[in-house]
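Structure assessment
Chain residues, written in single-letter form:
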Amino acid sequence: MKIGTTCVQGGYRPQNGEPREVPIIQSTTFKYDTGEAMGKLFDLEANGYFYSRLQNPTCDTVAAKICAMEGGTAAMLTSSGMAASFLAVFNLCSAGDHFISSAAIYGGTYNLFAVTLKRMGIDVTFVSPDATEEELDAAFRPNTKLVFGETVANPALRVLNFDRFASAAHAHGVPLIVDNTFPTPVNCRPFEWGADIVTHATTKYMDGHGSAVGGAIVDSGKFDWTKYPEKFPGLTTPDESYHGVTYTELFGLAGAYITKAVAQLMRDLGVTPAPMSAYLLNIGLESLHVRMKKHCENGLAAARFLKTHPKVAWVKYPSLPGDEDYGLAQKYLPDGSCGVVSFGVKGGRAAAGAFMEKLKIMAIETHVADARSCCLHPATTTHRQLSDEELLAAGVKPDLVRLSFGLEDADDLIADLAQALE
Ligand SMILES: *Cc1c(COP(=O)(O)O)cnc(C)c1O
């Protein structure tokens, strides 16, 4: 099936007389006739539900749809995008391990890697999104367990050089994990470009209406953990907390990674999605392929308008001809990238703040990627405590305004930008 059909119908095939829409199974627990039957579930010998902290039918149905959209072999939902990034890395790294990440990633993820994982004894090396083959090569250590990047980085809007990052990871016997939040599988399927595991903040375009915080992890099933058993003992040697189950033996390459993440990490950390949130997410997914087109059309129309405006200093949008990432975007995201555009207002910090206050349709929000257009000026909001020099050191220009184009009519959005700039 093509992606649009999967968006609408993937993951759920009701049988005769069953609900047409994905049902909300709100129950925390599930009933069994014998203790032995339930024991088999605990030992991972049989498939089934016993407690919604680990697995829930509504959440699994929606995970199966996202799995099909990405072309993966197994998937899980999490309570947030941050939880997805954390579990994806922590499923492979323990204290004493190291991983490599592109520096062009979401600020929350950057902090998780640089501060919180460091406190847990896991070391990260950040590399430039423009790192050469040699620079990437030099970042690897004997204890490196994975490489991480974002397809289109929030908010830098840099496009991941899949060829370079995937081949470096694979040459060193580790997987490439990619946060595919901004393009969604409608615009890019990272597994087709060498990624091994994909994460999502479903909070953004997938939900698309600002209704529910959530995340997802999808495994391609392509990375062969058993080729590097010394690097990934958690997958290739017995798990004593599950009666000696070896995940790669019992679940194969298709299921080992996600089963371990559910059985160990969901069990112990409980970053569980709510069935109601999964239900809302599914409603968003049913129109994702239709919405992404419009988000991208609006983003491109606005980027073109801003590019020629005399009060605009610069524009960053990967699908705009002339952008530093235009070539990569054409290669990996030929149908469009996302609806987020950033630009600089001539006049710096003060002019950018004044511009935003004049907008009538685009609201000031700490959010991106839903139906309603919004904007954020980091220098006067999220980063207001920093001086211009400190902002630049953090990779944020003082005049940067991030615009997220929703589903309104492009003419009205451009008229709003024009009057505010005026
Ligand atoms: C928002 C976002 C996250 C974090 O997702 P939450 O659901 O807010 O936890 C991670 N990655 C990217 C690219 C994001 O935009």
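It should be emphasised that the depicted structure is a prediction, and the values quoted were computed from it without experimental measurement.

This paragraph deals with the site of the ligand. Taken together, 14 residues lie near the ligand, and Gly81, Asn154, Asp179, Thr203 and Lys204 sit nearest. Taking Gly81, its main chain carries an N or O atom lying 2.9 Å from an oxygen atom of the ligand. Lys204 is positioned such that a nitrogen or oxygen atom in its side chain is 2.6 Å from an oxygen atom of the ligand. For the shell around the ligand, a count of residues per class yields five nonpolar, six polar and three charged.

Strand order in this open sheet of seven strands is β1-β7-β6-β5-β4-β2-β3, and the pairing throughout is mixed. In the strand order of this sheet, the two ends are held by β1 (74–78) and β3 (123–127), each with one partner. The mean angle between the axes of side-by-side strands here comes to 20°, regardless of whether they run parallel or antiparallel. Two elements, strand β6 (residues 197–201) and strand β7 (residues 215–219), share five bridges in a ladder whose sense is antiparallel. Note on β7: the bridge partner recorded for Ile197 is Asp219.

Applying the stated criterion across every chain yields a total of 14 salt bridges. Among the salt bridges present, the one from Lys31 reaches Asp33, with a minimum N-O distance of 2.7 Å. Neither residue differs from the other here; Lys31 and Asp33 are each classed as exposed. In this structure, Lys316 engages Asp325 in a salt bridge whose closest nitrogen and oxygen atoms are separated by 3.1 Å. Each member of the pair Lys316 and Asp325 is classed as buried. Put simply, Asp130, Arg158, Lys316, Asp323, Glu324 and Asp325 are held in one network by salt bridges that share partners.

This part is about the domain arrangement of the protein chain. Taken domain by domain, the protein chain comprises domain 1 (3–282) and domain 2 (289–421). Contact with domain 1, which involves 30 residues of that partner, is made by 29 residues of domain 2. Summed over both sides, the interface of domain 1 with domain 2 buries roughly 2,500 Å², with 62% coming from carbon and sulfur. On the domain 1 side of the contact with domain 2, Leu157, Asn187 and Tyr205 bury the most area, a combined 30% of that side's loss.

Rules used in this analysis
Residues numbered from 1 in each chain as written. Predicted model: local features only at pLDDT ≥ 70, side-chain atom pairs only at ≥ 80, totals over all residues. Heavy atoms only, no water. Near = heavy atom within 4 Å. Polar contact = N/O pair within 3.5 Å; in protein donor to acceptor, adjacent residues only side chain to side chain. Nonpolar A, V, L, I, M, F, W, Y, C, P; charged D, E, K, R; others polar. Pairing = 2+ DSSP bridges. Helix = DSSP H or I, 4+ residues; strand = E, 2+ residues; numbered from the N terminus. Axes fitted to C-alpha atoms, helices over the stretch in contact; angles between N-to-C directions. Salt bridge = Lys/Arg side-chain N within 4 Å of Asp/Glu carboxyl O. Buried < 20%, exposed > 50% of the residue type's maximum accessible area, 1.4 Å probe, protein only. Domains from an automatic or database assignment. Contact = heavy atoms within 4.5 Å. Buried area = accessible area lost by both parts, 1.4 Å probe.

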